[in-house]
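An overview of the molecular structure
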2 protein chains.
Amino acid sequence: MGNREDLLAGALACLKDRGWARTTVRDIATAAGVNHAAIGYHFGSRDALLTEAFMLAMEEWGDEVEKATAAGVDPDASPRERYEAFWREAIASFGRSRELWLATIEAGVQAEHTPKIKELVQMGMQMSRTGFASKLLGVPEETLDGQTARTVGSIQLALMSGLLMQWLIDPENAPSEQDIADGLVALAAHITNSPRA
Amino acid sequence: MGNREDLLAGALACLKDRGWARTTVRDIATAAGVNHAAIGYHFGSRDALLTEAFMLAMEEWGDEVEKATAAGVDPDASPRERYEAFWREAIASFGRSRELWLATIEAGVQAEHTPKIKELVQMGMQMSRTGFASKLLGVPEETLDGQTARTVGSIQLALMSGLLMQWLIDPENAPSEQDIADGLVALAAHITNSPRA
DNA sequence: AAATGGTTTATCCAAATGGATTGACCAGAT
DNA sequence: ATCTGGTCAATCCATTTGGATAAACCATTT
C-alpha cells in the first residue's frame, strides 16, 4: 500500500466528514498521513482525487442499499411486512452510516459543478430505479419493463433520498417504517378515490 | 436602498448560482455592486450575511410551493387529477426556478455545518409536512391530526425533495406527473395485497 | 459653517489554498 | 557499484480568502 491508496482512503474519509467543498489538499494529506504534494503526483489535482474517492463512496453506498433490500425479501412475510422491513433496515443504515449518506446528498450538489460526478450520479439513479422496482415487485430485472421502472422505481428512489434528508436533518420528526407505509397507502387511497375522501 | 439591501440581493443571487460553499465575499460584493468591506459593516461576517440571504431564499421557495399546491385544488377535478396537476406545476417550477431549488438542496448539506440553517430547514420541513397533508387531503391545518401530518405529509415532502433531485440531475429520465401518480398507486397496491402481486 | 453620526470605500493583512519545483530515496536492472 | 525509473517529502510560490483598518463621504443638526 503506497501513498496512492492512502490518499484515496484519506479522501474518502474527508468526503464523508468534511464534504467535497470544504476538504482541502492538506486535510486529505493529513488524514492519509502523507505529504500533500503526493496528490499532484498521483492524481494531478485535488478534484481528480476527490472524484476517484467519490466512486469508492458510491460502492459503499451500493452495499448499504443492498443490505436494506436484502432485509425485504423474507418469503414468509406479507408485501407490507417486507416493505416495512426494508425501511427499518434503511433507517438503521441512515444512522449507522450517517456520513456516507450525507456524502451522497452532497454529491447531488457537486454534480452541478463536476460533469463527471453528474454522470456517475445519473448512472447510480438509473440503476437504483430498476433495482428498486425489481426487488420491490419480486421481478427479475430482465423481465422488468421500462415503464414500471420509471414509475415504481422512481417513486421508491425519490422516497429513499427524500426520507434520507428528513432522517439526517430532523430524525426527531422523521417518519418510522410504519409511518412510511401508512402514509404511502393513505396517499394512494386518496388519489384513487373518485369522490373526495 | 442602501448597501445593505444590495448585499442581501447579491448574496441571494450568489446562493442560487454559485451555492453557499463556493461564494466568496468578493462574489457577493461584485454581484451587489458594492465594496466587499460593507459586508463586515452590515452583517459582521460572510456567513451571517449568507444565513440572512438564505431566509429570503426560503421565502421564495415557499412561494413556489404555494403556487404548485394552488394548482391542485380545482374542485371539479378528481383527487387524482388534482394530484397530477400539483406535480405538473411542481415540475414546471423545478425547471423555471432551477437555481432556487438547487439552493434548497444545498441548504440540506449546509444545515450540517451551520446550526442556524439546520433550525430553519427543520422548521421548513415541519411546516411543509402539515401544509402538504392539509392541502392534499383538503383538511384545514387546525383539524389535522399529528399522525396524518407525519405519515401523509412526510411522504409528500419526501417525494418533493426526492423527485426534485431526479429532475435537477437527470430530467431526461425523471418521472412525469402521470408516472408519479402511477408509481405511487402501483407501489401502494403492491404493499396492500396480502398475496404476492 | 461647523460638528456629528452613520455609511461607504480604498487598502492592508495574515492565513489558507492548490499546485509546482527540487532534491532525496530506493528497489531492481545493468 | 552504479545507473535508472519511479516514488516521496520538504519547500516554495502565486493567488485567493475573510476580515480589519482608516480615511473619505454625506445628510442632518447645531
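Reading guide: rules and limits
Residues numbered from 1 in each chain as written. Chains lettered and ligands numbered in written order. Predicted model: local features only at pLDDT ≥ 70, side-chain atom pairs only at ≥ 80, totals over all residues. Heavy atoms only, no water. Least-squares fit on C-alpha atoms with pLDDT ≥ 70 in both. Contact = heavy atoms within 4.5 Å. Buried area = accessible area lost by both parts, 1.4 Å probe. Salt bridge = Lys/Arg side-chain N within 4 Å of Asp/Glu carboxyl O. Helix = DSSP H or I, 4+ residues; strand = E, 2+ residues; numbered from the N terminus. Nonpolar A, V, L, I, M, F, W, Y, C, P; charged D, E, K, R; others polar. Near = heavy atom within 4 Å. Polar contact = N/O pair within 3.5 Å; in protein donor to acceptor, adjacent residues only side chain to side chain. Phe/Tyr/Trp six-rings, centres within 6.5 Å; stacked < 30°, edge-to-face > 60°. Buried < 20%, exposed > 50% of the residue type's maximum accessible area, 1.4 Å probe, protein only. UniProt positions renumbered as here; feature names shortened; annotations may be inferred.

Let us now look at the relation of the copies chain B and chain A. Mapping chain B onto chain A leaves a residual RMSD of 0.0 Å; the transformation is a rotation of 180 degrees accompanied by 0.0 Å of translation along its axis. Such values leave the two copies arranged in the relation of a two-fold axis. Using C-alpha coordinates, one finds that chain B approaches the rotation axis most closely at Gly162 of chain B, a distance of 2.2 Å. Comparing interface residues between copies, 100% of those in chain B also sit at the interface in chain A, which points to an isologous, same-surface contact.

Listed by partner, the interface residues are 62 residues for chain B and 63 residues for chain A. Together, the buried faces of chain B and chain A total about 5,500 Å²; carbon and sulfur atoms form 66% of this surface. Ranking the residues of chain B by area buried against chain A places Ile169, Leu187 and Ile191 of chain B at the top, with a combined share of 12%. At the junction of chain B and chain A, the tally comes to 4 salt bridges. When the shortest N-O distance is used, the salt bridge between Arg150 of chain B and Asp179 of chain A registers 3.1 Å. Put simply, the parts of the chain that give the side of chain B that touches chain A at least two residues each are helix H5 (79–96), helix H6 (98–111), helix H7 (115–137), helix H8 (146–169) and helix H9 (177–192) of chain B. Here the element with the most residues in the side of chain B that touches chain A is H8 of chain B; it accounts for 17 residues. Class assignment of the residues belonging to the side of chain B that touches chain A gives a composition of 29 nonpolar, 19 polar and 14 charged.

Residue and element names in this part refer to chain A. Counting across every chain of the model gives 26 salt bridges over all chains. Taking the shortest distance from any N to any O, the salt bridge between Glu64 and Arg96 comes out at 3.0 Å. Of the two residues, Glu64 sits in helix H4 (residues 46–70) while Arg96 sits in helix H5 (residues 79–96), which places them 32 residues apart along the sequence. Three or more residues joined by partner-sharing salt bridges are found here, namely Glu64, Lys67, Glu89 and Arg96.

Around DNA strand C, 16 residues are found, and the nearest of them are Val25, Arg26, His36 and Arg46 of chain A together with His42 of chain B. Backbone sugar and phosphate groups make up 55% of those atoms of DNA strand C lying within 4 Å of the protein. Arg46 of chain A places a polar main-chain atom, nitrogen or oxygen, 2.9 Å from a phosphate oxygen of DNA strand C. Asn35 of chain B is positioned with one of its side-chain polar atoms (N or O) 3.4 Å from a base nitrogen of DNA strand C. When contributions to the surface near DNA strand C are tallied by element, the ones reaching two or more residues are helix H2 (25–32) of chain A together with helix H3 (37–43) of chain B. With 4 residues, the top contributor of residues to the surface near DNA strand C is H3 of chain B. Residues that form the surface near DNA strand C fall into these classes: 5 nonpolar, 9 polar and 2 charged.

All right, on to the packing of aromatic side chains then. Residues and elements named next belong to chain A. As enumerated under the stated definition, the model contains 10 aromatic pairs over all chains in all. For the pair Phe94 and Trp101, a centre-to-centre distance of 5.0 Å together with 85 degrees between the ring planes defines the contact as edge-to-face. In terms of burial, Phe94 and Trp101 fall into one category: buried. Aromatic ring contacts, followed pair by pair, group Tyr83, Phe86, Trp87 and Phe132 into a single cluster.

UniProt records the feature "DNA-binding region" (unreviewed entry) for residues 24–43 of chain A in the present numbering. Helix makes up 75% of residues 24–43 of chain A and strand 0%. Its end C-alpha atoms lie 14 Å apart.

The local shell around DNA strand D holds 15 residues, among which His42 of chain A together with Val25, Arg26, His36 and Arg46 of chain B are the closest. Counting only atoms of DNA strand D within 4 Å of the protein, the sugar-phosphate share comes to 56%. In the environment of DNA strand D, a phosphate oxygen lies 2.8 Å from a nitrogen or oxygen atom belonging to the backbone of Arg46 of chain B. At the level of elements, helix H3 (37–43) of chain A together with helix H2 (25–32) of chain B are the ones that each hand at least two residues to the surface near DNA strand D. With 3 residues, H3 of chain A is the single largest residue contributor to the surface near DNA strand D. Per-class residue counts for the surface near DNA strand D are 4 nonpolar, 9 polar and 2 charged.

Turning our attention to the environment of Arg80 of chain B. With respect to the secondary-structure elements, Arg80 of chain B resides in helix H5. With 23 residues separating them along the chain, Arg80 of chain B and Ala103 of chain B place their C-alpha atoms 30 Å apart. The residues contacting Arg80 of chain B, other than those within four sequence positions of it, are Ile191 of chain A together with Gln178, Ala181, Asp182 and Val185 of chain B.

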